[in-house]
Amino acid sequence: MFVTFEGLDGCGKTTQAVLLADALRGDGVEVVSTREPGGTPLGEAIRDLVLHGGHVAPWAEAALYAASRAQHVDGVIRPALERGATVVCDRYIDSSVAYQGVGRGLGLEEVLALNLAVVGGLLPDRTVLVEIDPETAAERVGSSGDRIERDGIALWRRVAGAYRTLAERYPERYVVVDGRRSVAEVAEEIRDRLR
Ligand code: TYD
């Protein structure tokens, strides 16, 4: 089982990914918790480059995220799935489609195609979208965030719209939850709906 978490910065998905992984482990499931960009030494180096470096051209950014993802799938995600573990990943392909494809205007289909190519077509079984509106995201994240976070609310509006489009395109994969409620309420809904 391959589960990914998606949403705007500040939506609380990282907390929810940890809580789901803990709950599954409590049920005796082997869980591999990981994140993107990152998840491997190469991926963590790429994370530093794209999140904390200077200007990165939009397609360079998309290609770097894709490179991180290719390494991550090859070295971590696919081996874990092959031995029967459950993988819980904080962000995956949908982040690139939403942020680079639609947020940066590179094209939803183009960025999706690039990413499907580099991971050999591996899509998650379930994608939990923790929804908050862009204004709430801005309030929660403030002005101290990383590079994309500083580009702010106009980008997030496009990203939020892109996630909606993806949820409609993949209704059997997407689990959309309202991220404005308490952490415990959101966690409970996610557990119930994944069962
Ligand atoms: P995230 O790990 O959620 O942030 P944090 O450092 O707060 O835990 O994501 C970092 C940023 O990377 C976020 O603004 C979204 C961006 N991102 C993309 O633009 N494309 C991608 O493919 C991925 C994986 C992340």
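Above this text is the structure in question.
Model, not experiment: these values are computed from the prediction. (Residues numbered from 1 in each chain as written. Predicted model: local features only at pLDDT ≥ 70, side-chain atom pairs only at ≥ 80, totals over all residues. Heavy atoms only, no water.)

Draft legend 1. Fine view of the pairing of strand S1 (residues 2-6). Across the five residues of S1, five count as buried, placing the element largely inside the fold. Burial along S1 is two-sided: the residues Phe2, Thr4 and Glu6 and Val3 and Phe5 are all buried. Inspection of the sheet shows S1 paired to strand S3 (residues 86-90) by four bridges, in the parallel sense. Looking at the pairing, Phe2 lines up with Val87 of S3. By the bridge criterion, four bridges tie S1 to strand S4 (residues 126-131) in an arrangement that is parallel. Bridged to Val3 within S4 is Arg126. (Buried < 20%, exposed > 50% of the residue type's maximum accessible area, 1.4 Å probe, protein only. Helix = DSSP H or I, 4+ residues; strand = E, 2+ residues; numbered from the N terminus. Pairing = 2+ DSSP bridges.)

Draft legend 2. Local environment of helix H4 (residues 93-103). Across the 11 residues of H4, 10 count as buried, placing the element largely inside the fold. Within H4, the full set of buried residues consists of Ile93, Asp94, Ser95, Ser96, Val97, Ala98, Tyr99, Gln100, Gly101 and Gly103. Just past H4, the residue Gly105 takes up positive phi, approximately 75°.

Draft legend 3. Quick look at the nonpolar core. By size, the foremost hydrophobic cluster in this structure holds 50 residues, and its most contacted members are Phe5, Leu8, Tyr92, Tyr99, Val128, Tyr163 and Ile190. The leading source of residues in this core is helix H7 (residues 147-169), at eight residues. Setting aside its immediate chain neighbours within four residues, Tyr163 contacts Glu6, Gly7, Leu8, Arg91, Asp94, Ser95, Ala98, Tyr99, Leu129 and Tyr174. (Core = buried A, V, L, I, M, F, W, Y, C linked by side-chain atoms within 4.5 Å. Contact = heavy atoms within 4.5 Å.)

Draft legend 4. Representation of the sheet that holds S3 in the model. Strand order in this open sheet of five strands is S2-S3-S1-S4-S5, and the pairing throughout is parallel. Both edges of this open sheet fall to strand S2 (31-35) and strand S5 (174-178), since each of them pairs with a single strand only. Across this sheet, the average inter-strand angle for adjacent strands is 20°, counted without regard to direction. Here helix H8 (residues 183-194) sits on the sheet and contacts S1, S4 and S5; the angle it forms with S5, its principal contact strand, is near 155°. (Axes fitted to C-alpha atoms, helices over the stretch in contact; angles between N-to-C directions.)

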